[in-house]
Amino acid sequence: MNKKRNKLEIIRDILQVINSRNGKIKPTHILYKSNLSHQMMEEYLKDLIEKQFVKETKTKTGKTYSITEKGHEYLKKYTLIAEFTESFGLD
Amino acid sequence: MTSLYYIPNWFFTTSIVFEIIFAVVTALVAFLSFKVYNLSKQNEFRLFGLGFTFISLSYIIWSLINLFLLDQLNESIKVLSFQQFVSLGALGIYFYMLLFIVGLVTLNYTTLKEKNKSIYIIILLTSLVGIVTSFNKGFTFQILSSILLAFLLIHFAYQVKRNKNIKSILVFAAFLALVVSHIIFIFSTTQYVYYVAGHIFELIAYILILVRLSIIIK
């Protein structure tokens, strides 16, 4: 059985999904790929936009999401974040 | 005269070097925690960094107290006593205790699942009032520190159980050594051997934390 993901892992997964789609993705794709409920995904996206990890763009066909420089930095340094979190049990 | 602790002359310089090492290692943990906060924007890391900053500052003040406030009891032993509590140095001693306790309470708060500012304030005020109103402040301070460190140790024991890896065991062992050192410090009001032993255990603790930090950075 898979271990339950912590908050930092979910954020990494969402950012990776957005990043894998060349930086632009619709919410339905995030929902499908990140394995979250609709409500949880909305909450995480709101949080990530507030933290400026993700940018929301409104188009005629709906919303799209792209990853920002801060989001890229998070993915790049994720190992450091995860190691520190695991060391001191801060998740 | 009530004594806070005794230091043998042969250990005097070494103890100050140890305290500077403790300050540097705790400052490194704080720095890394703030770095992780900047990357993740998770408040837990900011609080954790603040907790270690307080502890690091307390070690700097501790080393300054030892440098400037000790009395020469006899040819071979220095002592920090309550006599100095009526001098300007009293502020330094209280400030050291305050910073260390605030640091430990902050670290304990970061380990709680439920974050509520009232809980933080209650734990902090209870601890500080306990020290201020105590007749033997040094003794009460060491007991409170041991209790707060013991609660952190429980948190790290849970991490060992959950992660089952050597990295978690390293941090658990470090905090175990810290708890032991502060239990030993309780008795340093009577004999200098406890002050030396407490320092050695504390050094072991911070070496273990340093090893863990080096694995994280690598």
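The following refers to the structure shown. (Residues numbered from 1 in each chain as written. Chains lettered and ligands numbered in written order. Predicted model: local features only at pLDDT ≥ 70, side-chain atom pairs only at ≥ 80, totals over all residues. Heavy atoms only, no water.)

Thoughts on the packing of aromatic side chains
Under the defined criterion, the tally for this structure stands at 28 aromatic pairs over all chains. Between Tyr74(A) and Tyr78(A), the ring centres sit 6.0 Å apart and the planes meet at 50 degrees, which makes this aromatic pair tilted. Given the relative accessible area of 11%, Tyr78(A) is considered buried. With a centroid separation of 6.3 Å and 55 degrees between ring planes, the pair formed by Phe18(B) and Phe22(B) is classed as tilted. Remark: Phe22(B) and Phe18(B) occur in helix 1 (residues 9–40); sequence separation between them is four residues, near one turn of the helix. Given a relative accessible area of 0%, Phe22(B) falls into the buried group. (Phe/Tyr/Trp six-rings, centres within 6.5 Å; stacked < 30°, edge-to-face > 60°. Buried < 20%, exposed > 50% of the residue type's maximum accessible area, 1.4 Å probe, protein only. Helix = DSSP H or I, 4+ residues; strand = E, 2+ residues; numbered from the N terminus.)

Let's talk about the interface of chain B and chain A
Counting from both sides, the interface comprises 26 residues of chain B and, opposite them, 20 residues of chain A. Summed over both sides, the interface of chain B with chain A buries roughly 2,200 Å², with 64% coming from carbon and sulfur. Looking at the side of chain B facing chain A, the largest losses of area belong to Leu39(B), Gln42(B) and Ile216(B), adding up to 27% of the total buried there. At the boundary of chain B and chain A, one finds two salt bridges. Note that Glu83(A) and Arg212(B) form a salt bridge whose closest N and O atoms lie 3.1 Å from each other. Where chain B touches chain A, the interface holds six residue pairs in polar contact (both at pLDDT 80 or more). Within the residue set of the side of chain B that touches chain A, elements represented by two or more residues are helix 1, helix 2 (43–68), helix 5 (137–163), helix 6 (166–186) and helix 7 (192–217) of chain B. In the side of chain B that touches chain A, the residues fall into 10 nonpolar, nine polar and seven charged. (Contact = heavy atoms within 4.5 Å. Buried area = accessible area lost by both parts, 1.4 Å probe. Salt bridge = Lys/Arg side-chain N within 4 Å of Asp/Glu carboxyl O. Polar contact = N/O pair within 3.5 Å; in protein donor to acceptor, adjacent residues only side chain to side chain. Nonpolar A, V, L, I, M, F, W, Y, C, P; charged D, E, K, R; others polar.)

Things to note about the pattern of salt bridges
Residue and element names in this part refer to chain A. Throughout the structure, instances matching the rule amount to seven salt bridges over all chains. Arg12 is the salt-bridge partner of Asp13, the closest N and O atoms lying 3.1 Å from each other. Lys77 is the partner of Glu73 in a salt bridge, and the nearest nitrogen-oxygen pair spans 3.2 Å. Salt bridges sharing partners connect three or more residues here, namely Glu73, Lys76 and Lys77.

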